[in-house]
There are 2 protein chains.
Amino acid sequence: MENFEFTAPTRIVFGKESQHDIGALVRPYAGKVLLHYGGKSVKNSGLYQQVVDSLRSAGVEFAELGGVTPNPRLSMVNQGIEICRGENVELVLAVGGGSVIDSAKAIAMGVYYDGDIWDVFDRQLPIDRALPVAAVLTIPAAGSESSFNTVITNEECQRKVGFGSPLLRPVLSVVNPELFFTLPKNQIANGVADMMSHIFERYFTNTTHVELTDGLCEATLKTIMRNAPIVVDDPGNYHAWCEIGFAGTLAHNNLLGVGRVQDWACHGMEHELSAIYDVAHGAGLAVLTPAWIEYVYTENIGMFVQFAVNVMGVCGSFRQPEDIVREGIVRLREFFHKIGLPGTLGELGIDGENLELMAKKTTLVAYGRPERPRGGLKKIYWQDVLAIYNSVR
Amino acid sequence: MENFEFTAPTRIVFGKESQHDIGALVRPYAGKVLLHYGGKSVKNSGLYQQVVDSLRSAGVEFAELGGVTPNPRLSMVNQGIEICRGENVELVLAVGGGSVIDSAKAIAMGVYYDGDIWDVFDRQLPIDRALPVAAVLTIPAAGSESSFNTVITNEECQRKVGFGSPLLRPVLSVVNPELFFTLPKNQIANGVADMMSHIFERYFTNTTHVELTDGLCEATLKTIMRNAPIVVDDPGNYHAWCEIGFAGTLAHNNLLGVGRVQDWACHGMEHELSAIYDVAHGAGLAVLTPAWIEYVYTENIGMFVQFAVNVMGVCGSFRQPEDIVREGIVRLREFFHKIGLPGTLGELGIDGENLELMAKKTTLVAYGRPERPRGGLKKIYWQDVLAIYNSVR
């Protein structure tokens, strides 16, 4: 186990009806908030009005900015920064999923940044101040409601870049599984793949003597995989949504990743798909993760046998460990297929045209910079990324 | 799953050499601290001097109060309150195990309480202010380094009473498993039983649809049970201590208990043993927990079959579920015995003399108050407590 620090200061308010308390919950932080949200669904569902009513009854004023899209854009972040500065906003309240929360975080840090906020993403500059962020979650997926990360897409240069700081951890997040009942099946499945990937990126490691966090990862993955088909088939199942909802939050507050070298190659490879093709992050991860395992498993056969046995339930002869791993990969693909996720880049609408470009963007060589290989378990270079892309065309 | 709130704001600084940073870590909170500790071991090991050196090099002044005993006493809490008030202390720094940290928490809230601090414990009065508390942990057991609870013994009336408030959560805790290398075997075993009990008290529930937290409880219990015999046999095993050390912290920050009705009957019954006989809390729990399971399992046979199968690894015919549960109890007792823990009250030096008194104290009838039954899974009254005590005389 490596030395580590852990804290999970976000106040998670979980359960039925909890969105009605959002006004009173944010009041100690702010007299005025930026109400930030995505498209029509939040208005159609009535959630927007519930949040507005709650803010008003708690005496919280608000400015608002709607229209956040999946793979949230830098241009909207800049709009939000201007509003917050102009209206003396004290907290950014995201009502939505990971895209809205990520956009809120970028706005929150941009308000105090004297310059182009994209530079912070591009050059991973330190920040020393941000507005507090709070969230009412509408889809369990990205874990942004408890993480200190944000990922923003610069649409001008087609780049999707992540940034993290403890200052970006939401001060509170409301998670009411009832709000997930109206999600379309494809969004449910994408969210499931995203939260599973947040665990995989931490679970797959060469660090030894991390039994406790291995066990926590495995328990969380198995809970997700048992309950995901239930909510896809029956999106009104509150009990199953509770499991998925809290798993998504836990998957990304980094409890499951403490003390271990993490991987994150799949996220790096996927961001390039989303940046050019605007595909759903989870769908991209569902295609790439099994392909990545296939490409790297010989690096640490014990790790992937453990995955196949402890997570995917594979039995067999440990004298042929590769067979066990391969069966684990088959079962992972079957699981993703079962909940309606794609298995190839072709199904995502991605042809061969930009594969080399995306591979080179993944490790930064496309920008004429020194190559930055990805991955904690196995370092992969642009040729490796290209091979992985090609294996699932 | 029940509605819940979760936050784990304590900054856990985990790993080798971490105690040397304590001065810099507390400096943002305080220019002067109360250095609170137990007996000679912290001086003999050199830890006291390391902490003093770290405080001095960070420019942190300190008053000090040593001599905390297991089952920490109200009289010392009152001493600490006087010192903090007289010396304008801004943070209480506990260097020790659960007893020292619990004592530090009671001092921290007592400083601002205008009256006898025992009243807060006795009558569970709300508090609105406390000094911040930080800890350097010397034994993984009580989980007080991440919990918001404290348990204090009033030696005058032989009562041991717990109290909890979010204000008592340590702002930071340093956990260096190297500091555990010199623990005596009996203290190691007591600590293991204590942390396991913190999980059992949450795990055993009638609340349904708590698969995720069930899985987290089971993973944590299994990790503890795999690694405990290793550290008992080989107390210098850093890797195994890492697992036990982080498990102890996780066992009591309440992640494992969210969304479920918790039990806590065993803790209630054990506190009465410790209050009169000053036995080690963990040793008392090791005696009582299997006896409690035996007494209550018919209340929720499915829960205890799950425990036997998922935690204790029992196989067998589910057509005789009681046999599976009983085998689980046998294995739990065998585990405690293997690491040197007692199996009867007699081994704790407790005869039959005070059993009825302790049973009546457990549910408050001994004080002429209305009976307060214990237990979330099954309500137990003083006669039940007496039956459980008698089953393990």
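Thresholds applied
Residues numbered from 1 in each chain as written. Chains lettered and ligands numbered in written order. Predicted model: local features only at pLDDT ≥ 70, side-chain atom pairs only at ≥ 80, totals over all residues. Helix = DSSP H or I, 4+ residues; strand = E, 2+ residues; numbered from the N terminus. Rg over C-alpha atoms; globule rule 2.2 N^0.38 Å. Buried ≥ 20, exposed ≤ 12 C-beta atoms within 10 Å, placed from the backbone. Axes fitted to C-alpha atoms, helices over the stretch in contact; angles between N-to-C directions. Parallel < 35°, antiparallel > 145°, perpendicular 65-115°, else oblique. Left-handed = near helix turned anticlockwise from the far one by under 90°. Contact = placed C-beta atoms within 7 Å. Nonpolar A, V, L, I, M, F, W, Y, C, P; charged D, E, K, R; others polar. Pairing = 2+ DSSP bridges. Domains from an automatic or database assignment. Core = buried A, V, L, I, M, F, W, Y, C linked by C-beta atoms within 7 Å. Expected span 1.5 Å × (residues − 1). Least-squares fit on C-alpha atoms with pLDDT ≥ 70 in both. Arc of directions from axis to C-beta. pLDDT = per-residue confidence, 0-100.

A. Representation of the overall build of chain A within the structure. The secondary structure content of chain A amounts to 15 helices and eight strands. Its C-alpha atoms give chain A a radius of gyration of 20 Å, within 12% of the compact-globule value 21 Å for 393 residues. Considering only C-alpha atoms, chain A reaches an extent of 65 × 50 × 45 Å along its principal axes. When burial is assessed residue by residue, chain A has 58% of its 393 residues classed as buried.

B. Highlighting the packing of helix α7 (residues 185–203) of chain A against helix α11 (residues 281–296) of chain A. Residues and elements named next belong to chain A. In contact at an axis separation of 7 Å, α7 and α11 are set at 55° when each is read in the N-to-C sense. As far as their axial angle goes, α11 and α7 are oblique. With respect to the hand of their crossing, α7 and α11 are arranged in left-handed fashion. Between α7 and α11, the residues in contact are Ala189, Asn190, Gly191, Val192, Ala193, Asp194, Ser197 and Phe200 and His281, Gly282, Ala283, Leu285, Ala286 and Thr289, respectively. For the contact of α7 with α11, the per-class residue count stands at seven nonpolar, six polar and one charged.

C. Summary view of the sheet that holds strand β5 (residues 133–137) of chain B. Here we have 12 strands laid out as an open sheet, ordered β3(A)-β2(A)-β4(A)-β5(A)-β8(A)-β1(A)-β1(B)-β8(B)-β5(B)-β4(B)-β2(B)-β3(B), and mixed in their pairing. The two strands at the open ends of the sheet, each matched to only one other strand, are β3 (61–65) of chain A together with β3 (61–65) of chain B. On average, each strand axis in the sheet is tilted by 25° relative to the strand beside it, whichever way the strands run. Strand direction decides the pairing type here: β5(B) and strand β8 (residues 172–175) of chain B, joined by three bridges, are parallel. Bridged to Val136(B) within β8(B) is Val174(B).

D. Quick look at the interface of chain A and chain B. On the chain B side, the residues contacting the 32 residues of chain A number 32 residues. For the side of chain A that touches chain B, the secondary structure elements donating two or more residues are β1 (4–14), α8 (211–233) and α9 (238–250) of chain A. Examining the composition of the side of chain A that touches chain B, we find that 11 residues originate from one element, β1(A), more than from any other. A per-class count over the side of chain A that touches chain B returns 14 nonpolar, 10 polar and eight charged. When β1(A) meets strand β1 (residues 4–14) of chain B, the two strands line up antiparallel, connected through seven bridges. In the strand pairing of β1(B), Ala8(A) is matched with Ala8(B).

E. The packing of α8(A) against α9(A), seen in detail. Residues and elements named next belong to chain A. Between α8 and α9, the least distance of the axes is 9 Å, while the angle of their chain directions is 135°. It follows from the interaxial angle that α8 and α9 lie oblique. In this structure, α8 meets α9 at a crossing whose hand is left-handed. Every residue of α9 that contacts α8 at Thr220, Thr223, Ile224, Asn227, Ala228, Ile230 and Val231 is listed here: Ala240, Trp241, Glu243, Ile244, Ala247 and Leu250. Looking at the contact of α8 with α9 residue by residue, the class counts come to nine nonpolar, three polar and one charged.

F. Quick look at the domain arrangement of chain A. Residue and element names in this part refer to chain A. We note that the domain assignment places domain 1 (11–179) and domain 2 (183–391) within chain A. The centre of domain 1, based on its C-alpha atoms, is set 26 Å off from the matching centre of domain 2. Listed per partner, the contact involves 19 residues of domain 1 and 25 residues of domain 2. Put simply, the parts of the chain that give the side of domain 1 that touches domain 2 at least two residues each are β1 and β7 (159–164). Grouping the constituent residues of the side of domain 1 that touches domain 2 by class yields nine nonpolar, six polar and four charged.

G. Quick look at the nonpolar core. Core analysis: the biggest nonpolar cluster contains 278 residues, and Val33(A), Val92(A), Val33(B) and Val92(B) have the highest contact counts within it. Examining the composition of this core, we find that 10 residues originate from one element, helix α8 (residues 211–233) of chain B, more than from any other.

H. Molecular detail of helix α9 (residues 238–250) of chain B. Across its 13 residues, α9(B) extends 18 Å between first and last C-alpha, which sits within 8% of the 18 Å expected from 1.5 Å per residue. For α9(B), the buried fraction is high: 11 of the 13 residues fall into the buried class. Along α9(B), the residues that are buried comprise Ala240(B), Trp241(B), Cys242(B), Glu243(B), Ile244(B), Gly245(B), Phe246(B), Ala247(B), Gly248(B), Thr249(B) and Leu250(B). Next to the buried residues of α9(B) lie α8 of chain A together with β1, β8, α7 (185–203) and α8 of chain B.

I. Region of the structure containing the relation of the copies chain A and chain B. Superposition of chain A onto chain B requires a rotation of 180° combined with a translation of 0.0 Å along the rotation axis, giving an RMSD of 0.0 Å. Such a combination of rotation and displacement between the chain copies is what one expects of a two-fold axis. Across chain A, the rotation axis passes nearest the C-alpha of Pro9(A), at a separation of 2.0 Å. When you check the interface residues of chain A against chain B, 100% turn up at the interface there too, and the contact is symmetric in its surfaces.

J. Main features of the pairing of strand β8 (residues 172–175) of chain A. Residue and element names in this part refer to chain A. Side chains of β8 alternate between two faces, with Leu172 and Val174 and Ser173 and Val175 buried alike. Bridging between β1 and β8 involves four bridges; their strand directions are parallel. For Ile12, the partnering residue across the bridge sits in β8 and is Ser173.

K. Molecular detail of unusual backbone geometry. A positive phi is found at Asn88(A), a non-glycine position, where the angle reads about 55°. Turning to its location among the elements, Asn88(A) is positioned in the loop between α4 (74–87) and β4 (91–96). In this structure, Asn71(B) is a non-glycine residue whose phi angle is positive, near 55°. Tracing the backbone through its elements, the reader meets Asn71(B) in the loop between β3 and α4 (74–87).

L. View of helix α3 (residues 47–57) of chain B. All names here are of chain B. Among all positions in α3, only Leu47, Val51, Ser54 and Leu55 are buried. Here the buried residues of α3 occupy an arc of 100° about the axis, which is enough to place them on one side. More than 90 degrees from the buried face of α3, the exposed residues found are Gln49, Arg56 and Ser57. In this structure, the buried side of α3 is in contact with α1 (22–26), β2 (32–37), α2 (41–44), β3, β4 (91–96) and β5. Remark: Gly59 follows α3 within two positions and exhibits a positive phi of approximately 75°.

M. Spatial organisation of the confidence of the model for chain A. Per-chain confidence: chain A averages 97 in pLDDT, with 100% of residues scoring 70 or above. Across the predicted assembly, pTM comes out at 0.96 and ipTM at 0.96.

N. Representation of the environment of Gly66(B). Residue and element names in this part refer to chain B. By the element assignment, Gly66 lies in the loop between β3 and α4. For Gly66, a count of 17 C-beta atoms within 10 Å corresponds to the partly exposed category. For the pair Gly66 and Pro177, spaced 111 residues apart in the sequence, the C-alpha separation amounts to 22 Å. The residues contacting Gly66, other than those within four sequence positions of it, are Tyr37 and Gly38.

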